[in-house]
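Residue-level structural notes
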Amino acid sequence: MNILKFGGTSVGSAQSISALMDILKKETGVENPIVVLSAMGGVTNTLLLMAENARSGADYADQLKEIETKHFEVIRALLPAGAQNPVLTKLKIYFNELEDILQSVYTLRELSLQTKDLILSYGERCSNVMVSHIARQYFANSVYVDGAELIKTDGNFGQAKVNTQLTETLIRDFYESNKDKLLFVTGFISSNEDGRVTTLGRGGSDYTAAIWGAALNAEEIQIWTDVDGMLTADPRIVKKAFSLPELSYIEAMELSYFGAKVIYPPTMTPAFLKKIPIVIKNTFNVDFPGTYIKHGAQASSLPIKGISSIDEISILNLSGSGMVGKAGFSGRLFSLLSREQVNVVLITQSSSEHSITFAVKPTDALKALALISKEFELELQARKLEYPEVENGLSILAIVGENMKRTPGISGRLFSALGRNGVNIRAIAQGSSEYNISVILSRADLSKAVNAVHDAFYSDLKKTLNIFCLGTGNIGKTLFQQLQNQMPFLAKNNDLQVKVMGVSNTRKMYLNPDGIDLTTWENVLEEQGDKADLGEFIKQMKNMNLANCVFVDNTASHNPIQFYLDVLQSSISVVTCNKIGNSAEYDQYVAFKEAARKHGVEFYYETNVGAGLPIIRTLKDLMLSGDRIASIEAILSGTISYIFNNFKGDRLFHEVVKEAQDLGYTEPDPRDDLNGKDFMRKMLILARDAGYALEEKDVAIESMLPAACLAANSVADFYQEMEKNAAHFENLKQEAAKNNKVLRYIGKLEDGKVSITLQMVDDSHPFYMLSGSDNIISFITDRYKERPLVVKGPGAGAEVTAAGVFADIINVGKR
Ligand code: ADP
Ligand code: ASP
Ligand code: MG
């Protein structure tokens, strides 16, 4: 025989009750199952609210009406008109009783725990009366059972303790004489010796099912709910949480104790003692096998079973010399708290015994404080104990699993995932059983923390990178295209998912916590975006507080740079193709790197030099592996390369520049390329990466333009000046040609000095053969002495630059 318990959502609407009936049709065979039902979804909370309202003299009539309507609507939907009256009458009687009780509370402005339990009991009673009547259409032997009479408890209202022996006898006797019936038993409610209604604690219907299961030696205790069993994490927090096929009782207990609401922790005890498996199943996905909690649950290959969390917790810290070496201090503290029914969720003690931190529900915090002040009055007065303070706004995150016991490195993985994402840990506790490690952290960080830890432990799942992108010009646009094309490959081969969470250009910005569809982003930004505000964009990005976050700067603007530090300090990685930040003051360049290191995030800027070519990375690898850079020689302006490579025959210089501009090889303002500034920035960044603390003024630039061109006030002027100075350029061209040489604008780093000069090189020079808009860089190092290490290829263009940014993003995902 099986026990089938249906939770609030499974009896929450006409539709779900129909689904429940279908399940019963399959389950009723030779032996009838026993059905345990909760109150309709949300009703217990509403009852509680009404009780509190009545106590404080507020109105509760609307809520009462709401509950009534909720039930009546279901009855009208699921019972033919002729069969409705008896059940409507029965419920009406309940609602009248309830109203009388609430009226008394209202009059007296007094709400005892006993009265509260009585009020709450109507939730389960109404739902069971209602559903048992509806069931009679299919199962004539359906009867309503007031479970409160059969589960006997002490008088601890709100969280009563079960008298197991008496309860089991009562249940067995009752069952013996009702075997032929289909029983609908109220969950959650019980009664004390005097017959007063008590309750088993919030979520207690699960426990009712286990109590019945144990009393009757059921084959299975089935918990029907609205999710596919126990998942690796709360699905409301972690979208990627997945269902666990099997758990041991202890694992299920630990997960639920630390917040996995899907099953009430005490449920496990009766089932464990009688070795009855508990199955958690989904009423709305009947064929899914769900989760089995049982003896000999199969060991899984995953290092942890699940992550759970308690949303709101307060901590109290007790410290002082009076505690050191005083045997019995913690005994006194915790027996006081337990005597006064303050539930201590977690305890940590420093090894010096100088302080104890413990966590309680926020509603218990002030009570605990008052109790401690009284109990330790003398110690506090003598200053042997510091006056404890309550700290609110905290949460607990716990990782749970039996495998943790045998696997080293679990806590390392936990803490590094939290650290990398900038989550500050307030306290740590590891259960001595090693079935769980729990940490206390700020509530604002909880969602990010659970997601980061989930990603860290279930690495065979896809890791998600959440990216926020500035700039929708050529590079930004191309990056989105590449991302979209590459998604399936990444998911398959890299276990990586890249989600664009925010995008902004200079006019509009749009952020969406569900991610932005890359097929429609342009329209969405235009139509749903807000007016662009970079500070606000960054603020919202930070407020989303997501794990594995990357800020991508695809602009060439000064504005974003001022935010880099703040972003890095918020544990968000930065990927940028914008050279301005790294080539401004040296101190700022260093500050970016330090901030990234300190906060465990990445600062990648491969595309600052040579677009997608692996230049920065190569230099870094050389240095990290202990090589010494003797000199670097480079042509790093794709624009200038193109111009010189095409400045041939009878073509004029300004014509070639115009052509380069028309082909998109120049910055919007070609002066930015030709004045050598862009090249200077790249050389400066390279020199800094090679270990030299240089500033812009330290780079000696030999201009390739006559002074008049440099002084031009506008682009049009600039072209005019080049045309006027055509003879200057002609001379250069002819002189080079005469000597079988070509013109090259070459940057050099040697002995810590950087220069950029216009040179004429012959075919013995490695840069002679450069074609198109290619970049070339040659490193001479201790290891590459005889022949340099050369990187060469296209060093400009949206396609290759976006690809470089893309690679940087993927590299963030690899850490
Ligand atoms: P019922 O009304 O059926 O008793 P509950 O609301 O008490 O249902 O519990 C089910 C809910 O528990 C789910 O809807 C889910 O949001 C939440 N939950 C939290 N943690 C977990 C977890 N680890 N696995 C499954 N569900 C979880
Ligand atoms: N209805 C009760 C509650 O909401 C018991 C339960 O749902 O298990 O806490
Ligand atoms: Mg529940």
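Residues numbered from 1 in each chain as written. Chains lettered and ligands numbered in written order. Predicted model: local features only at pLDDT ≥ 70, side-chain atom pairs only at ≥ 80, totals over all residues. Heavy atoms only, no water.

Burial runs high along strand β17 (residues 463–470): eight of the eight residues are buried. Side chains K463, L465, I467 and C469 of β17 all project onto a buried face; the interleaved residues T464, N466, F468 and L470 project onto the opposite face, where all are buried too. Bridge analysis of β17 against strand β21 (residues 549–553) gives five bridges, and the strand direction is parallel. Pairing of C469 across the sheet is with V552, part of β21. (Buried < 20%, exposed > 50% of the residue type's maximum accessible area, 1.4 Å probe, protein only. Helix = DSSP H or I, 4+ residues; strand = E, 2+ residues; numbered from the N terminus. Pairing = 2+ DSSP bridges.)

Attention now moves to the site of ligand 2. Lining the immediate environment of ligand 2, one finds S38, A39, T44, E124, F188, R202, G203, G204 and S205. Between S38 and ligand 2, the recorded distance is 3.3 Å, taken from a side-chain N or O atom to an oxygen atom. Note that a nitrogen atom of ligand 2 is positioned 2.7 Å from one of the side-chain N or O atoms of E124. In isolation ligand 2 has 260 Å² of accessible area, and contact with the protein removes 87% of it. (Near = heavy atom within 4 Å. Polar contact = N/O pair within 3.5 Å; in protein donor to acceptor, adjacent residues only side chain to side chain. Areas by Shrake-Rupley, 256 points an atom, 1.4 Å probe, with all protein chains shown as cover.)

This next bit is on the sheet that holds strand β9 (residues 278–282). Taken in spatial order, the eight strands line up as β3-β4-β2-β1-β7-β9-β10-β8 in an open sheet, and their pairing is mixed. Of all the strands in the sheet, the pair left with one neighbour each is β3 (142–145) and β8 (246–247). Where β8 and strand β10 (residues 291–293) come together, two bridges link them in parallel fashion. Residue pairing for β10: L247 is matched across the bridge by I293.

Let's shift gears to the pattern of salt bridges. Considering all chains together, one arrives at 38 salt bridges under this definition. The partner of R172 in a salt bridge is E168, and the shortest N-O contact between them spans 2.9 Å. One end of the pair, R172, and the other, E168, are both in helix α6 (residues 164–176), four residues apart, so they sit about a helical turn from each other. The exposure class assigned to R172 is partly exposed, which follows from its relative accessible area of 35%. The exposure class of E168 is buried, given its relative accessible area of 14%. One salt bridge connects E375 with R332, and the closest N-O pair in it is separated by 3.1 Å. Taken as a pair, E375 in helix α11 (residues 362–375) and R332 in helix α10 (residues 329–339) lie far apart in primary sequence, 43 residues in all. On the basis of relative accessibility, which here comes to 32%, the residue R332 falls in the partly exposed class. Look at the salt bridges and you will find they share partners, linking E52, R55 and K116 into a network. (Salt bridge = Lys/Arg side-chain N within 4 Å of Asp/Glu carboxyl O.)

Take it as geometry only, folks, not as evidence of what the structure does.
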